[in-house]
Structure formats: C-alpha cells, structure tokens
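Here's the letter readout for the chains.
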Amino acid sequence: GESVGLHLPTLSVQEGDNSIINCAYSNSASDYFIWYKQESGKGPQFIIDIRSNMDKRQGQRVTVLLNKTVKHLSLQIAATQPGDSAVYFCADSYSGTYKYIFGTGTRLKVLA
Amino acid sequence: EAGVTQSPTHLIKTRGQQATLRCSPISGHTSVYWYQQALGLGLQFLLWYDEGEERNRGNFPPRFSGRQFPNYSSELNVNALELEDSALYLCASSLESTGTYEQYFGPGTRLTVT
C-alpha cells in the first residue's frame with residue numbers, strides 16, 4: 001500500500017499502553033463528530049461517533065471525549081495493539097451545512 | 001453487503017487532460033461525497049450529492065464537477081488537469097443526508113497527473 005500523510009504529527013505508543021489522540025475543531029455550531037482510522041492504501045474506516053448532547057461515548061476499546069467549551073475532541077484507545085497503527089482523523093459536521101470537516105490527522109505508531 | 005466501490009484504482013493523465021472517476025455507494029445509501037486527499041494532507045471536501053442533486057461543494061474551482069445517477073452512483077470529473085490535482089480521491093456514502101450519520105468510504109482512486 002501507499003503511505004498516507006507522510007508529514008503528519010506522530011504519536012508513538014508501546015504495545016499494551018493506552019493511546020490518546022487529540023483533535024481541535026473550529027465550528028462552535030458543530031453537532032456531530034466522528035473518528036476515522038485510515039490504514040495505508042485504504043479508505044478511512046469509521047471508528048466511533050458522538051453527538052453534541054453527549055460528552056463521552058465508549059465503544060470496544062475506544063472512548064471518545066467531547067469538550068464543547070474548548071472545542072476539543074479526543075480518542076482514547078485502550079491496550080493499544082499493532083493493528084491500531086494507522087492515521088486517525090476526526091471530523092465534525094453541522095447538520096445545517098451538510099458538510100463534514102476533517103482534521104489533518106495523527107499517525108499512531110505502535111511499538112513492539 | 002458490498003461496501004463503497006471506486007474505479008479505477010489508479011489513473012494516470014497528462015496535464016490539460018480530463019479525468020473521470022466513478023463511485024458506487026452502499027446499497028440503500030442515497031448520499032455520496034467526494035474528497036481529495038493530497039499526500040501529507042487531510043481530506044478536503046469536494047462535493048456532496050443526494051437524490052441526484054448537488055447539495056454542497058467545497059472550495060475547489062469549477063473544473064471539478066460531478067453528477068449522481070438515478071441508481072445513486074456518482075461520477076467525478078476533473079477538467080484541464082493540473083499537476084497539483086495529483087491525489088487520492090475518496091468517495092463515501094451515507095444512509096441519510098442530514099450530515100449526522102457516519103460516512104462509509106471506498107478505497108479511493110489514485111490520480112497522477114504528469
């Protein structure tokens with residue numbers, strides 16, 4: 001596959017540790033937020049979403065936290081595994097504009 | 001259930017030519033989105049189609065255009081290709097058009113302009 005985001009910020013985590021990936025958004029009216037994972041040579045894959053009436057949502061090994069006051073979103077991955085190595089994007093949308101805005105992405109490297 | 005499919009996988013064109021990229025959404029999805037992902041950059045929103053109509057477009061020149069067919073598949077056309085158009089073009093579909101549902105992405109078409 002080909003590389004995605006050669007110059008992206010990189011987070012290196014030891015296998016088994018927890019990972020925290022952060023994202024800032026700019027539109028205070030955004031009411032829906034998504035995290036995607038993109039592996040090399042593939043399209044983005046949905047991980048978890050959260051609506052603006054919530055501040056935390058948990059999935060399998062993943063938790064998304066939303067702080068609307070400071071317009072910040074984070075993705076927590078528990079017990080990080082080698083298969084978690086990828087580029088992670090956040091996206092936000094406002095239902096009135098019918099458009100998703102994607103962050104630039106963070107590359108997660110899992111060290112054995 | 002088949003996912004979002006895109007064709008071709010790779011496309012090589014020369015400057016000034018036209019490129020046509022195709023996308024088939026997940027069955028039952030009426031909304032199709034197009035994004036450009038240049039190397040080292042995030043996803044840049046291009047176009048959003050729903051029920052055959054263009055609903056929104058990103059900050060791209062008019063030479064980027066597209067359409068959605070009655071079967072909800074979509075085409076992206078890029079005219080007068082420039083070198084900086086080289087990128088991965090991703091198509092996504094979603095069940096609803098409200099902007100509050102997850103998008104499912106295809107594998108992308110890698111366009112190279114020489």
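Bear in mind the structure is a predicted one, so any value in this text is a computation, not a measurement.

A.B. asks: Explain the sheet that holds strand S5 (residues 56-58) of chain A to me, and be specific about the residues and the numbers.
C.D. replies: All names here are of chain A. Taken in spatial order, the four strands make up an open sheet running S2-S7-S6-S5, and their pairing is antiparallel. Looking at which strands have only one partner, the edges of the open sheet turn out to be strand S2 (19-24) and S5. Going across the sheet, the axis of each strand differs from the next one's by a mean of 15°, ignoring polarity. As judged from the three bridges shared by S5 and strand S6 (residues 62-67), these two strands associate in the antiparallel manner. Each bridged residue has a counterpart across the sheet, and for Gln 58 the counterpart in S6 is Thr 63.

A.B. asks: Explain the environment of Val 64 of chain A to me, and be specific about the residues and the numbers.
C.D. replies: Residues and elements named next belong to chain A. Looking at where Val 64 falls in the secondary structure, it is placed in strand S6. In this structure Val 64 comes out as buried when scored by relative accessible area, which is 1%. If near-sequence neighbours (up to four positions away) are discounted, Val 64 is found in contact with Trp 35, Ile 48, Asp 49, Ile 50, Asp 55, Lys 56, Arg 57, Leu 73 and Ser 74.

A.B. asks: Tell me about the pairing of strand S3 (residues 32-38) of chain A, residues and numbers included.
C.D. replies: Residue and element names in this part refer to chain A. Counting buried positions along S3 gives seven out of seven residues, so the element sits mostly inside the fold. The alternating pattern of S3 places Tyr 32, Ile 34, Tyr 36 and Gln 38 and Phe 33, Trp 35 and Lys 37 on opposite faces, both of which are buried. When S3 meets strand S4 (residues 45-51), the two strands line up antiparallel, connected through six bridges. By the bridge assignment, Lys 37 is partnered in S4 with Gln 45. Where S3 folds back on S4, the antiparallel hairpin that results is connected by six residues, among which Gly 41 adopts a positive phi of roughly 80°. Taken together, the seven bridges between S3 and strand S8 (residues 86-94) define a ladder with antiparallel strand orientation. Within S8, the residue paired with Tyr 32 across the bridge is Ser 93.

Basis of the calculations
Residues numbered from 1 in each chain as written. Chains lettered and ligands numbered in written order. Predicted model: local features only at pLDDT ≥ 70, side-chain atom pairs only at ≥ 80, totals over all residues. Heavy atoms only, no water. Pairing = 2+ DSSP bridges. Helix = DSSP H or I, 4+ residues; strand = E, 2+ residues; numbered from the N terminus. Axes fitted to C-alpha atoms, helices over the stretch in contact; angles between N-to-C directions. Buried < 20%, exposed > 50% of the residue type's maximum accessible area, 1.4 Å probe, protein only. Contact = heavy atoms within 4.5 Å.

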